[in-house]
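# Architecture at a glance
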Number of protein chains: 2
Amino acid sequence: VPKQDVRGLRIDALELSAELGSWDRRRFLEWRQGGLDCVHVTLAVFENAVETLRNLGALQRQIDENRDLVVHARRAGEIDTAVQSERTALIFGFQNTSPFEDSLDLVWAFHSAGVRVAQLTYNVQNSVGSGCWEDDAQGLSGYYGRSLIREMNQAGMLVDLSHCNERTCSDAIEASDKPVAITHGNPREFVGDDVELFRRNRSNRVLQALVEKGGVIGLSPYPRLAPMGKDCTLEKFCDMVAWTVDLLGIDHVGIGTDFVRGYDEPGVMDTAIKRWRMGRWSREVAIPSRGDVPLPTWMSGPADFGNFEQGLEKRGFSPADRQAILGGNWYRLFGQIFG
Amino acid sequence: VPKQDVRGLRIDALELSAELGSWDRRRFLEWRQGGLDCVHVTLAVFENAVETLRNLGALQRQIDENRDLVVHARRAGEIDTAVQSERTALIFGFQNTSPFEDSLDLVWAFHSAGVRVAQLTYNVQNSVGSGCWEDDAQGLSGYYGRSLIREMNQAGMLVDLSHCNERTCSDAIEASDKPVAITHGNPREFVGDDVELFRRNRSNRVLQALVEKGGVIGLSPYPRLAPMGKDCTLEKFCDMVAWTVDLLGIDHVGIGTDFVRGYDEPGVMDTAIKRWRMGRWSREVAIPSRGDVPLPTWMSGPADFGNFEQGLEKRGFSPADRQAILGGNWYRLFGQIFG
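Now for a quick tour of the structure. Small disclaimer: the values here were computed from a predicted structure and weren't measured.

Each value, and the rule that gives it
- Residues numbered from 1 in each chain as written.
- Chains lettered and ligands numbered in written order.
- Predicted model: local features only at pLDDT ≥ 70, side-chain atom pairs only at ≥ 80, totals over all residues.
- Heavy atoms only, no water.
- Contact = heavy atoms within 4.5 Å.
- Buried area = accessible area lost by both parts, 1.4 Å probe.
- Salt bridge = Lys/Arg side-chain N within 4 Å of Asp/Glu carboxyl O.
- Polar contact = N/O pair within 3.5 Å; in protein donor to acceptor, adjacent residues only side chain to side chain.
- Helix = DSSP H or I, 4+ residues; strand = E, 2+ residues; numbered from the N terminus.
- Least-squares fit on C-alpha atoms with pLDDT ≥ 70 in both.
- Axes fitted to C-alpha atoms, helices over the stretch in contact; angles between N-to-C directions.
- Parallel < 35°, antiparallel > 145°, perpendicular 65-115°, else oblique.
- Nonpolar A, V, L, I, M, F, W, Y, C, P; charged D, E, K, R; others polar.
- Buried < 20%, exposed > 50% of the residue type's maximum accessible area, 1.4 Å probe, protein only.
- Pairing = 2+ DSSP bridges.
- Right-handed = clockwise from strand over helix to strand, strands pointing away.
- Arc of directions from axis to C-beta.

## Describing the interface of chain B and chain A
Size of an interface: often given as the accessible area lost when the parts come together. Between chain B and chain A, the residue contacts involve 26 residues of the former and 26 residues of the latter. Taken together, both faces of the contact between chain B and chain A bury some 2,000 Å²; the carbon and sulfur share is 59%. Together, L53(B), R61(B) and W108(B) form the three largest contributors to the area buried by chain B at its contact with chain A, with a combined 26%. Our count for the contact surface shared by chain B and chain A stands at two salt bridges. The shortest N-O distance in the salt bridge between E151(A) and R61(B) comes to 2.6 Å. At the boundary of chain B with chain A, the tally comes to twelve residue pairs in polar contact (both at pLDDT 80 or more). In terms of residue count, helix α3 (residues 49-65) of chain B provides more of the side of chain B that touches chain A than any other element does, eleven residues in total.

See the structure below:
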């Protein structure tokens, strides 16, 4: 009996940390403790092609040296292989299109290297589109932006809109022939504008367009964008899941924790947050930051992933619905896009 | 009945042309006409990482658009899949270590992108070792050179010594824990020093060390390094095969044509040869070149690959021996290295 028929797959649609150097055996063991069958990991935020190759190569070496715990997956079917061998499948992705260096051929090259997800832009504007801290009137670029989405569709690479602004989301959903994703984000109407990164959360209009295209959103307990911020309880999080399922339907909601090792290490996070908020394009932290935010105790790391299951059960979700939310929907979407 | 039990696999251990833009349907059709089941293609000669990514990505797109004829192979078993679907399997390789940019992590990154063969250096000295036109006393570098071979062994990437000098060949064979290859070259004792690129051919001492390590040499009809040069007949070529098999044993001899589309296009070849012989490191053609060399009529392109089979049969090679030479030995070596 395949595991997914019993408990269901557990897929985390986004975790970060390449630049913190924490893709290592300690993290891989946490994934196994949390029963995670698959994690989409970020290899680039503002990195160019060669810098990204270094991250990717270093991670492949880590995978090779810890092949009792993890395996790189290029197709959805390889998640099943990981389950059978009690390992966690890694899906490689970018949170920016910077590694492509405006070259369509590099989409195919990184696809060949196993990259299966690319977010169009990270917070700010680039040659493809605009991030969530830019003016919402600025959308997908007319030439490269549209060509890139066509090329990603053809190569079998998932378009991720998590850090894009409203218009870039809408434009990209329209331009794509295939379903797209918001791997980590929350519905703005439910969460409100009180959280630090409220611009990262999405309007109902964008979410409904996402669903019409067959896409999936990964809801996140990350304190900077979760309901009640750092005080978000498991119950409140599950209320958000229920609210979003009511809005979008059971087939379009998943989990994307946005987890990064280092939340609990203030020095590390100061440095990392500055890098994410400044890149190389600013001399100051241009995007507001209220400092370190403690993780919710019920989600202190990947080892706690099972708490989602318990919370959703308590909230009254059926076994089939829990399977869809905790992994089934991502598995279906990955299969559609990766081929 | 698998094809290799009937006729045997046909593997060409080296063809070039990325920079001539001739990885296209015309070439793929020639491969099918020649009954080629697998071709090792060169993606980089002096290119750096990003330039190589562009070549690799452009080729992947060509493969995607011609998937009725060709398929990218990462493992030896995928050559069988290609045979079953009547397509030609492409093995990706480099004729230099320039794409790694002295970073061990990039070995893993390009391995992840599907690169399975890398020649240590192309004609001249680099940070790894020395090419065949350098002083024969200069060998493998003590730090990066040895680390790189260890890393290639671990990642599953075949070390190719074709354009290395004598000492770099010996040092690398000694440093490698796994079998290595000379994908395209000839025995210097048989051919003599009269051909233009005589320094590309190898001494018996190196060839015997290669065999002790379990390696394979791909004999080449390329006129600049074949016996009798541009006047090499199929009979003379098969004499060389027989001579080399006598020296090294039937398990260690294969074919590597060094074919490049453009031999018959003087303008194209002038430009290409200048690039190969000058790189970015010389203002003049530092390595002797006697101008264009016509292809032997019996090997005017990949579509003629079947002539090797006929020539070897006429020369008295048994079916089993022909299978070993025309593909079986490369298949075995690829299986040992690629995993």
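## Focus on the relation of the copies chain B and chain A
The operation relating chain B to chain A is a screw motion whose rotation component is 180°, with 0.0 Å of axial translation and a residual RMSD of 0.0 Å. Those values place the two copies in the arrangement expected of a two-fold rotation axis. The position closest to the rotation axis in chain B is occupied by the C-alpha of A113(B), lying 1.7 Å away. By residue overlap, the copies meet face to face through one surface: 100% of the interface positions of chain B are interface positions in chain A.

## With respect to the packing of helix α3 (residues 49-65) of chain A against α3(B)
Put simply, α3(A) and α3(B) touch, their axes get as near as 9 Å, and they point 85° apart. Relative to α3(B), α3(A) is oriented roughly perpendicular. In this structure, α3(A) contributes A49(A), V50(A) and L53(A) to the contact, and α3(B) contributes A49(B), V50(B) and L53(B). Classifying every residue of the contact of α3(A) with α3(B) gives six nonpolar, no polar and no charged.

## Details of the pairing of strand β4 (residues 88-94) of chain A
Regular strands show a simple pattern: their side chains alternate between the two faces of the sheet. Residue and element names in this part refer to chain A. Buried residues dominate β4, accounting for seven of its seven residues. Residue alternation in β4 divides its side chains into two sets, T88, L90, F92 and F94 and A89, I91 and G93, and both sets are buried. Relative to β4, strand β2 (residues 38-42) is paired through five bridges, and the arrangement is parallel. Directly across from V39, in β4, lies its bridge partner L90.

## Describing the pairing of strand β5 (residues 115-119) of chain A
Residue and element names in this part refer to chain A. By the criterion of burial, β5 is predominantly enclosed, with five of the five residues buried. Across three bridges, the pairing between β4 and β5 is parallel. Residue pairing in the sheet places G93 in a bridge with V117 of β5. Both β5 and strand β6 (residues 158-160) contribute to a ladder of three bridges, which runs parallel. The partner of A118 across the bridge, within β6, is V159. Crossover connection from β5 via helix α6 (residues 144-155) to parallel β6: handedness right-handed.

## Considering the pattern of salt bridges
One pass over the structure, following the stated rule, counts 35 salt bridges over all chains. Via salt bridges that share partners, R10(A), E309(A) and R322(A) belong to a single interconnected network.

## Quick look at helix α4 (residues 77-84) of chain B
Residue and element names in this part refer to chain B. Taken together, the buried positions of α4 are I79, D80, A82 and V83. For α4, the buried positions fall inside an angular range of 160° around the axis, keeping them on one side. Downstream of α4 by a residue or two, E86 has a phi angle that is positive, lying close to 55°.

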